[in-house]
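Coordinate inspection notes
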Amino acid sequence: MKLDLAGDNLGWQKVASLASFDLKGNVTPLPSLKADVSLTAKKGKFDTVTLDDMNVVFTGTEQNHRLSVNVKVSLSAQSYY
């Protein structure tokens, strides 16, 4: 199964936003799981966390696989009165 999904300017109730994401790769579910999938996301915001970049890569099989996650975020202080 080939994956190729992208999105731009996503948001949810003015609470969360994401400028863009890309999900790409190949998954073979049977007879045994094998996958090579990558997810990238850019410029997200939720509460006091700003996502600059995120890259998630999964490769391998169910028994022998590797997951790599790289995230760059910024935290902003918020005052409560």
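Preceding this paragraph is the structure being described.
Residues numbered from 1 in each chain as written. Predicted model: local features only at pLDDT ≥ 70, side-chain atom pairs only at ≥ 80, totals over all residues. Heavy atoms only, no water.

Side note on the overall build of the protein
- Broken down by element type, the protein carries 0 helices and 5 strands.
- Starting at the N terminus and ending at the C terminus, the protein contains elements arranged as β-β-β-β-β.
- In terms of overall dimensions, the protein is more spread out than a globule: its C-alpha atoms have a radius of gyration of 16 Å, far above the 12 Å expected for 81 residues.
- Referenced to the eigenvectors of the C-alpha coordinate spread, the extents of the protein come out at roughly 55 × 25 × 15 Å.
- The proportion of buried residues among the 81 residues of the protein is 14%.
- Counting only contacts in the protein whose residues sit at least 6 apart along the sequence, the fraction spanning at least 24 positions is 26%.
- In the form shown here, the protein has an accessible surface area of approximately 6,400 Å², with 57% of it arising from carbon and sulfur atoms. (Helix = DSSP H or I, 4+ residues; strand = E, 2+ residues; numbered from the N terminus. Rg over C-alpha atoms; globule rule 2.2 N^0.38 Å. Buried < 20%, exposed > 50% of the residue type's maximum accessible area, 1.4 Å probe, protein only. Contact = heavy atoms within 4.5 Å. Areas by Shrake-Rupley, 256 points an atom, 1.4 Å probe, with all protein chains shown as cover.)

Section: the pattern of salt bridges
- Tallied over the entire structure, the rule returns 2 salt bridges.
- For the salt bridge of Asp4 with Lys24, the shortest nitrogen-to-oxygen distance reads 2.8 Å. Of the two residues, Asp4 sits in strand 1 (residues 2-12) while Lys24 sits in strand 2 (residues 16-28), which places them 20 residues apart along the sequence.
- Relative accessible area serves as the criterion here: at 37%, Lys24 is assigned to the partly exposed category. (Salt bridge = Lys/Arg side-chain N within 4 Å of Asp/Glu carboxyl O.)

Comments concerning unusual backbone geometry
- Of note, the amide linkage connecting Leu30 to Pro31 takes the cis form, showing an omega dihedral of 0 degrees.
- Mapped onto the elements, Pro31 comes out in the loop between strand 2 and strand 3 (34-46).
- With phi around 45 degrees, Gln13 is a residue other than glycine that occupies positive phi space.
- Residue class for Gln13 comes out exposed when judged on its relative accessible area of 61%.

Comments concerning the pairing of strand 3
- For strand 2 and strand 3, the ladder comprises 12 bridges, and the chain directions are antiparallel. In the sheet register, Val27 faces strand 3, and the bridge partner there is Ala35.
- The hairpin turn running from strand 2 into strand 3, its antiparallel successor, is 5 residues long.
- The pairing of strand 3 with strand 4 (residues 49-61) spans 12 bridges and is antiparallel. Bridge pairing links Gly44 to Leu51 in strand 4. (Pairing = 2+ DSSP bridges.)

Section: a nonpolar patch on the surface
- Side chains of Val49, Leu67, Val69, Val71, Val73 and Leu75 sit close together on the surface and give an oily, nonpolar patch of about 540 Å² of accessible area.
- Take the nonpolar patch: its biggest share by element is 5 residues, from strand 5 (residues 65-75).
- For Leu75, the location among the structural elements is in strand 5. (Patch = residues over 30% accessible without salt bridge, like charges linked within 9 Å, V, L, I, M, F, W, Y side chains within 5 Å.)

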